[in-house]
Amino acid sequence: MREKEIEKILTAEVKKLGGVAYKWVSPGNGGVPDRIVVFPGRAPVFVELKSDAGRLSTLQEMQIRRLKELGQKVYVARGIDGVGQFFRENGFEETSKALDYKYGL
């Protein structure tokens, strides 16, 4: 599955849970994560999405490291399985199970 499709699924599922998944574009700061996910009553989470075979660039690794050093939660989701893990690790087990079922994981 392509990264663009994975991003669309993440955004739709976050919205179903009452949250938002802002597309992050930061002029002059290449390599920032794709999305800033905000669930109701929780701190934001930065999410970098990759296809199953996708790799982080050196610039992306640097930006992720910088955010983590600032005490921010950053998650790299690889493929639809990674999106499911993201939801599971953030306390949304039912969403994760629904994705597993829908995409045959």
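Nothing here was measured: the structure is a model prediction, and the numbers come from that model.

Asker: Just checking my understanding: could you explain the environment of Asp100 for this structure?
Answerer: Tracing the chain through its elements places Asp100 in helix α4 (residues 93-102). For Asp100, a relative accessible area of 22% corresponds to the partly exposed category.

Asker: For this particular structure, what's the right way to read the pairing of strand β3 (residues 45-50)?
Answerer: Moving residue by residue along a regular strand, the side chains alternate between the two faces of the sheet. With respect to burial, β3 is a largely interior element, 6 of its 6 residues being buried. Side chains Val45, Val47 and Leu49 project from β3 onto one buried face, and the interleaved Phe46, Glu48 and Lys50 project onto a second face that is buried too. Summarising the sheet, strand β2 (residues 35-38) and β3 pair through 3 bridges and their orientation is antiparallel. When the sheet's bridge partners are listed, Val37 is paired in β3 with Val45. What sits between the antiparallel neighbours β2 and β3 is a turn of 6 residues, in which Gly41 has the positive phi angle 70°. Of the pairings in the sheet, the one linking β3 to strand β4 (residues 74-78) comprises 5 bridges and is parallel in character. Its bridge partner lying in β4, Leu49 is registered against Ala77. Of the crossover connections in this fold, the one passing from β3 over helix α2 (residues 58-69) to the parallel β4 is right-handed.

Asker: Could you clarify how one ought to interpret the sheet that holds β4 in this entry?
Answerer: In sheet architecture, strand pairing relies on hydrogen bonds along the backbone and comes in two forms, parallel and antiparallel. One open sheet accounts for 4 strands, arranged β1-β2-β3-β4; its pairing is mixed. Each edge of the open sheet carries a strand with a single partner, namely β1 (20-23) and β4. Strand-to-strand twist across the sheet, computed as the mean angle between neighbouring axes with direction ignored, equals 30°.

Asker: Looking at this structure, I do not really get the packing of helix α1 (residues 3-16) against helix α3 (residues 79-89). What am I missing?
Answerer: A pair of packed helices is captured by two measures, namely the crossing angle of their axes and the spacing between those axes. Where α1 contacts α3, the two axes come as close as 10 Å, and the packing angle between them is 25°. Considered as vectors, α1 and α3 are oriented roughly parallel to each other. With respect to the hand of their crossing, α1 and α3 are arranged in right-handed fashion. Contacts from Ile6, Ile9, Leu10, Glu13 and Val14 in α1 reach Gly79, Ile80, Val83, Phe86 and Phe87 in α3. Among the residues making up the contact of α1 with α3, the classes are represented as 8 nonpolar, 1 polar and 1 charged.

Analysis parameters
- Residues numbered from 1 in each chain as written.
- Predicted model: local features only at pLDDT ≥ 70, side-chain atom pairs only at ≥ 80, totals over all residues.
- Heavy atoms only, no water.
- Helix = DSSP H or I, 4+ residues; strand = E, 2+ residues; numbered from the N terminus.
- Buried < 20%, exposed > 50% of the residue type's maximum accessible area, 1.4 Å probe, protein only.
- Pairing = 2+ DSSP bridges.
- Right-handed = clockwise from strand over helix to strand, strands pointing away.
- Axes fitted to C-alpha atoms, helices over the stretch in contact; angles between N-to-C directions.
- Parallel < 35°, antiparallel > 145°, perpendicular 65-115°, else oblique.
- Left-handed = near helix turned anticlockwise from the far one by under 90°.
- Contact = heavy atoms within 4.5 Å.
- Nonpolar A, V, L, I, M, F, W, Y, C, P; charged D, E, K, R; others polar.

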